[in-house]
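A structural walkthrough
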Amino acid sequence: MKKEISPLAAYIKYKRREYKLSQKDLSEKAGLGIRFIRDLEQGKQTLRLDKINHLLSMFGHEMRPQRSSLDRYVILTTYLNKDVIVTLKTNERIKGVIISDFINEENIAAWTLVKSKKMKEYKKTQNKDLTIQIKHENIHKIEHDLD
């Protein structure tokens with residue numbers, strides 16, 4: 001059975017090949033042991049984070065904590081009634097304004113959004129047919145729309 005390679009291992013291997021470096025060349029340029037490079041590319045589960053970050057810094061990256069899901073409270077306090085771009089897990093991007101939340105069993109389960117193109121009409125009419133509901137679980141990320 002073939003061991004699954006992590007995204008980190010695949011990235012390092014890709015970048016090394018992009019720069020036409022052998023594992024030995026990369027280890028020398030990074031000042032890290034060849035064994036570390038081999039272990040990383042083969043998906044070893046326990047590696048030193050400081051060494052990983054040193055290697056990633058050669059390619060302009062670093063490892064850092066990242067939320068695995070969007071915090072509902074952050075959405076309420078940061079993005080409610082603001083122009084946003086919502087990226088769904090399907091990679092579909094929706095420009096609009098989140099106007100309310102939908103609570104189900106004491107948790108925010110979905111968000112009501114008015115697409116940017118329909119916002120002017122919605123402000124005049126408050127017509128609920130101009131809104132869409134987006135399940136919280138389907139959202140990959142939200143960012144301010146600065147356009």
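Here's a quick rundown of the structure. (Residues numbered from 1 in each chain as written. Predicted model: local features only at pLDDT ≥ 70, side-chain atom pairs only at ≥ 80, totals over all residues. Heavy atoms only, no water.)

1. Here we look at the pattern of salt bridges
Per the stated rule, a full pass over the model turns up eight salt bridges. Across the salt bridge formed by Glu 143 and Arg 93, the nearest N and O atoms sit 3.4 Å from each other. Of this pair, Glu 143 sits in strand β5 (residues 139–144) while Arg 93 sits in strand β2 (residues 93–104), and the two are 50 residues apart along the sequence. Judged by relative accessible area, which is 28%, Glu 143 ranks as partly exposed. (Salt bridge = Lys/Arg side-chain N within 4 Å of Asp/Glu carboxyl O. Helix = DSSP H or I, 4+ residues; strand = E, 2+ residues; numbered from the N terminus. Buried < 20%, exposed > 50% of the residue type's maximum accessible area, 1.4 Å probe, protein only.)

2. With respect to the sheet that holds strand β4 (residues 131–135)
The antiparallel open sheet is built from five strands, whose spatial order is β4-β3-β2-β1-β5. Of all the strands in the sheet, the pair left with one neighbour each is β4 and β5. Looking at each pair of strands side by side, their axes are set apart by 45 degrees on average, direction ignored. Summarising the sheet, strand β1 (residues 83–88) and β5 pair through five bridges and their orientation is antiparallel. If you follow Val 84 over to β5, its bridge partner there is His 144. (Pairing = 2+ DSSP bridges. Axes fitted to C-alpha atoms, helices over the stretch in contact; angles between N-to-C directions.)

3. Some details on the packing of aromatic side chains
By the definition in use, this model includes two aromatic pairs. Summarising the aromatic geometry, the rings of Tyr 11 and Phe 59 are spaced 6.3 Å apart at their centres and angled 90 degrees between planes, so their arrangement reads as edge-to-face. Linking Tyr 11 in helix α1 (residues 7–18) with Phe 59 in the loop between α4 (49–57) and α5 (72–78), this pair joins segments that are 48 residues apart in sequence. Ring-pair connections join several aromatic residues into one group, and the members of that group are Tyr 11, Tyr 19 and Phe 59. (Phe/Tyr/Trp six-rings, centres within 6.5 Å; stacked < 30°, edge-to-face > 60°.)

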